[in-house]
Amino acid sequence: MANRIDCFIPWQSDEQVKGTLDELLADENVKEVNFLREEGIGSTKTIRFIAETATAPYTLLYCKYDALQLGYHALTRLLTIAEDSQALMLFSDHYTLTPNGERRSMPLISCQLGSVRDDFQMGSVLLFRTEVLKEYVAQENLHNYQFAALYDLRLFISRKQLPLHIDEFLYTEVERDTRLSGQKQFDYVDPRNRSRQIEMERACTRHLRALNAYLHGDEYDEINLSEGEFAVEASVIIPVRNRERTIRDAIRSVLEQETTFPFNLIVVDNGSADGTTEAIDEFSADERVIHIIPDRNDLGIGGCWNMAVHHPQVGRFVVQLDSDDLYSSPQTLQRMVDAFYAEGAAMVIGSYRMCDFQLNTLPPGLIDHREWTLLNGRNNALRINGLGAPRAFFTPVLRELQIPNTSYGEDYALGLMISRRYRIGRIYDELYLCRRWEGNSDAALSQDKINKNNTYKDHLRTLEIKARQQLNLLWQHNVNDIRHWRKACRQRNCPLARQ
């Protein structure tokens, strides 16, 4: 297999590339090594240069500026698998070196139909069949990206064949982003990343159109908010297990709400054994507090929500509050309910501020999800990992859909399902305080836990894409005819009008 790979590596200086260059040139599989000197890895100009320069059957792209360390005969193994599988794009597990020299395993996950988020981890070594790169840049409608071209390329390839994950550790890369998982997860809502995010949204939207999974912004099922009889107008739902430290604050936050309508609080106490149950009972004199202790032991957070939603005292609208957190003001509940009627929505999502237990703001501060737009929010929702908080729902819709009985991603699953058919209302002002402490589930996850969570959310996206494809078949409209959508975007000065 000699001379079967053309390699491309980013260049900043001769000293910077020397280690990687020596490593690659010492391998008999490598035909040539080319430098990427000007544009970033994510630019269309870079991908076009690679495709037009490569002449070997395979092209290897290394995406980092630090020195690459290949495993023993790693390129031979890559080529063998590429030939045996006839894969168009391959990536592998690897090791990472932290800045202090600690070596860690970095197992990755496999691609599926729903692996459409732009932060899908593939590592820094990507192997392509060269012919698919040339096919990509030959497209008549190839967009001139500054950041999203590599993401767009991966989506393009996945429409032909899913990229192949090799669950073997074939190389070592340097990892300089050592932030905790709970910090990295908010990069997509950081205003400093807005230009990049618009490009990523554009690429994802084009992909959904190509899959016939794109939903037009003005096609919704209307909802009758007067449907049904309910004990109160709104119920706040708090699922809880072993949160004696925080549950009192959360309950007080609800009981202090000032509304023009009757409301109650349903606390689902899911097997607490640390004093949480007794803390909830301290509020038993207030008839608004409904304390449910399930008699079963198989409930996740979603199952607790289902139990509350089907309770005879539940309200017309149900509003989220996690047991760690607080509402920002006594007006939060009123504003959430008012938004249902103002927007004809089946779900309303507010904005929240990250803070510590002294309510000091933590990075990134206010999470308002302004990437959501009326015209394209429900398509872009498939690219990102969450839709925001606090979340509120029209109870009949939740009873119809049922909430996945999980303790991770159940809210995201609901957001996708509801957005497929109904309007989602947004409030971009702070309504909620998300208090971070050492027990928070997403503050510092292991790589195995991150992989498990990401696999589940990709699975949710897979199910949702298939559902949207079926919906588009029923609607029988041509998703490639986007003239009316672009016109509406231009009228609203939406940046996506240029795609």
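Quick caveat, the model's predicted, so the values are computed rather than measured.

Q: Any details on unusual backbone geometry? Residues and values, ideally.
A: For the bond running from proline 363 to proline 364, omega is 5°, close enough to zero to count as cis. Along the polypeptide, proline 364 turns up in strand 15 (residues 361–367). Here alanine 389 and proline 390 are connected by a cis peptide whose omega angle stands at 0°. Positionally, proline 390 belongs in the loop between helix 12 (377–380) and strand 16 (391–394). Although it is not a glycine, histidine 73 sits at a positive phi angle of roughly 55°. Structurally, the position occupied by histidine 73 is in the loop between strand 4 (69–70) and helix 3 (74–85). One non-glycine residue with positive phi stands out, namely asparagine 242, at about 55°. With respect to the element layout, asparagine 242 can be found in the loop between strand 9 (234–240) and helix 8 (247–255).

Q: Please provide a residue-by-residue account of the state of the cysteines, values included.
A: According to the stated counting rule, one finds zero disulfides in the structure shown. Take cysteine 111: it sits in no disulfide, and the sulfur closest to it among the cysteines is that of cysteine 204, at 14 Å. Judged by its relative accessible area of 12%, cysteine 111 is buried. Unpaired in terms of disulfides, cysteine 434 finds its nearest cysteine sulfur in cysteine 355, a separation of 7.3 Å. When its relative accessible area of 14% is taken as the criterion, cysteine 434 is described as buried.

Q: Now, about the environment of leucine 414: what can you tell me, with residues and values included?
A: Along the chain, leucine 414 falls in helix 14 (residues 410–421). Here the alpha-carbon distance between leucine 414 and glutamate 39, two residues 375 residues apart in the chain, equals 40 Å. Leaving out residues up to four positions away in the same chain, leucine 414 has contacts with Phe393, Leu398, Leu401, Gln402 and Ile403.

Q: Could you give an account of the pairing of strand 6 (residues 103–106), with specific residues and numbers?
A: When strand 5 (residues 89–97) meets strand 6, the two strands line up antiparallel, connected through four bridges. For histidine 94, the partnering residue across the bridge sits in strand 6 and is methionine 106. Taken together, strand 5 and the strand that follows it, strand 6, pair antiparallel across an intervening segment of five residues, in which glycine 101 is found at a positive phi of about 90°.

Q: An account of empty space enclosed by the protein is needed here, citing residue identities and associated values.
A: Within this structure, the stated rule accounts for three cavities of 30 Å³ or more. In this structure, the largest cavity encloses a volume near 50 Å³. Together, Leu108, Ile109, Arg117, Phe120, Gln121, Asn451 and Asn454 line the largest cavity.

Q: Tell me what's going on with helix 14, and back it up with residues and numbers.
A: For helix 14, spanning twelve residues, the distance from its first C-alpha to its last is 18 Å, which sits close to the expected 16 Å at 1.5 Å a residue. Residues Glu410, Tyr412, Ala413, Leu414, Gly415, Leu416, Ile418, Ser419 and Arg420 constitute the buried set of helix 14.

Q: I'd like a rundown of the environment of threonine 455, residues and numbers included.
A: For threonine 455, the position within the fold is in helix 15 (residues 447–475). Residue threonine 455 is classed as partly exposed on the basis of its relative accessible area of 33%. With 340 residues separating them along the chain, threonine 455 and serine 115 place their C-alpha atoms 8.5 Å apart. When residues no more than four places from it in sequence are discounted, the contact partners of threonine 455 are Ile109 and Gln112. At a separation of 2.8 Å, a polar atom in the side chain of threonine 455 contacts the main-chain carbonyl oxygen of asparagine 451.

Q: Describe the nonpolar core, listing the residues and the values that go with them.
A: If you look at the biggest cluster of nonpolar residues, it comprises 115 residues, and the most contacted ones within it are Phe128, Val236, Ile238, Leu398 and Ile418. Per element, the largest residue contribution to this core is seven residues, and it comes from helix 5 (residues 149–158). Excluding residues within four positions of it along the chain, isoleucine 238 makes contact with Ile247, Ala250, Val254, Leu265, Ile266, Val267, Val268, Leu321, Asp322 and Ser323. Listed in part, the 25 residues of the second largest apolar core include Leu24, Ala74, Leu78 and Leu79.

Analysis parameters
Residues numbered from 1 in each chain as written. Predicted model: local features only at pLDDT ≥ 70, side-chain atom pairs only at ≥ 80, totals over all residues. Heavy atoms only, no water. Helix = DSSP H or I, 4+ residues; strand = E, 2+ residues; numbered from the N terminus. Disulfide = S-S within 2.5 Å. Buried < 20%, exposed > 50% of the residue type's maximum accessible area, 1.4 Å probe, protein only. Contact = heavy atoms within 4.5 Å. Pairing = 2+ DSSP bridges. 1 Å grid on protein atoms, 1.4 Å probe; cavity = no way out; pocket = protein on both sides within 12 Å on 5 of 7 lines; lining within 4 Å. Points joined across faces, edges and corners; volume = space filled by probe spheres on them. Expected span 1.5 Å × (residues − 1). Polar contact = N/O pair within 3.5 Å; in protein donor to acceptor, adjacent residues only side chain to side chain. Core = buried A, V, L, I, M, F, W, Y, C linked by side-chain atoms within 4.5 Å.

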